[in-house]
Amino acid sequence: MKVKVDGDRIQQHRKRCAWTQEQLAEKAGLSARTVQRLERGESTSLESIHVLATIFDVNPEELSAEPSRTHFSAPWSRKLRITTAIFLGIIIAVTVPLGPYTSWIGLGVLILAAFLSVRGYSVVDGKVLVHRLGWSTRLDLSQLRRIEANPSIMVGSIRLMGIGGLFAFLGTFRNELLGVYRAYATDGDNAVVLDLNGSIVVVTPDSPTEFVKAVLAQSQVSA
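Since we're looking at a predicted model, the values are computed, not measured.

**Student:** What is the right way to look at a nonpolar patch on the surface in this model?
**Tutor:** Together, Ile82, Ile86, Ile90, Val94 and Leu98 make up a nonpolar patch on the protein surface, roughly 470 Å² of accessible area in all. Along the chain, the position of Val94 falls in helix α6 (residues 78-95). Here Val94 falls in the partly exposed class, since its relative accessible area comes to 49%.

**Student:** What exactly am I supposed to notice about the pairing of strand β5 (residues 127-131) here?
**Tutor:** The two faces of a sheet get side chains in turn, since along a regular strand they alternate between them. When strand β4 (residues 120-124) meets β5, the two strands line up antiparallel, connected through five bridges. Across the sheet, residue Val124 finds its bridge partner in β5, namely Lys127. Here β4 folds back onto β5, and the loop between the two strands holds two residues, one of which, Asp125, carries a positive phi near 50°. Where β5 meets strand β6 (residues 136-140), five bridges bridge the pair, whose relative direction is antiparallel. For Val128, the partnering residue across the bridge sits in β6 and is Leu139.

**Student:** Just checking my understanding: could you explain helix α2 (residues 21-28) for this structure?
**Tutor:** Working note: α-helix, 3.6 residues per turn, so residues spaced by three or four point in the same direction. Restricting attention to buried positions, one finds in α2 the residues Gln21, Leu24, Ala25 and Ala28. Taken end-on, α2 shows its buried residues confined to a sector of 100°, consistent with a single buried face. Those residues of α2 that are buried are in contact with α1 (7-16), α3 (32-39) and α4 (46-56).

Parameters and conventions
- Residues numbered from 1 in each chain as written.
- Predicted model: local features only at pLDDT ≥ 70, side-chain atom pairs only at ≥ 80, totals over all residues.
- Heavy atoms only, no water.
- Patch = residues over 30% accessible without salt bridge, like charges linked within 9 Å, V, L, I, M, F, W, Y side chains within 5 Å.
- Areas by Shrake-Rupley, 256 points an atom, 1.4 Å probe, with all protein chains shown as cover.
- Salt bridge = Lys/Arg side-chain N within 4 Å of Asp/Glu carboxyl O.
- Helix = DSSP H or I, 4+ residues; strand = E, 2+ residues; numbered from the N terminus.
- Buried < 20%, exposed > 50% of the residue type's maximum accessible area, 1.4 Å probe, protein only.
- Pairing = 2+ DSSP bridges.
- Arc of directions from axis to C-beta.
- Contact = heavy atoms within 4.5 Å.

Shown next, in the form of C-alpha cells:
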C-alpha cells in the first residue's frame, strides 16, 4: 500500500539531524533518489515510513501527508467523574438544608464551574482553541517551543489555584516534572504538554497523537 508523505516534515527532520540526503538514504537503506522523491512529497510504502519514523524517533503518523484532525473532544476520566459527583453531593448537602439563599450560592458555584469547564479543543489558524461553555481560550502556537504527549506528566500535581475536579482539572498546578503549569484537563492519561515560550500548558484531547500532529502542522517545531 502506497501513502503520500509529508516531504517538508521529512526534510525538517533530516536537517535537524544535520544529515545530507545521501546520509539519510544510507541509514534508511534507500537510494538517494528515493529520499529526494520523498522530500518532494511523493508516495511510498508504509514500511518506508516506519523505517524513517524509527530513524527520526517520531510517530509514523507525523510523516504522513494524510489530512489530520483539527477538532478534538475532551473525554472525562473516571477520576473526574468521581470527583465531580463528590463535589455535587457536597454542594447539595451543605447548601440545600440551609435555605433558598445558600441554595442560590451553591447553584452559582455550579454555573461558574460549568462556564469554565473544558468541552474540547481545536487546532486552527496557528492557534489551539480550548472550548469552554460558549467561549474559548486561545493558545498562540507562534510561541511554541516544544510539544509532547505524556500520559504520566500530571502525576503528583498539586493545585495552586483553580478547579480541582468539578467538571475539569483547571487552573495553575505544580509537580516535580513540570514545575508550575496551567491545565485545561479532563483526563490525565491523554495529557499533551505545550511549552509556549516558557509557559507550560497541559491539555487532554481524546487523541494525543493526532493532536500533536495537528499542532506540528500549524507550527515550525519538530517533535
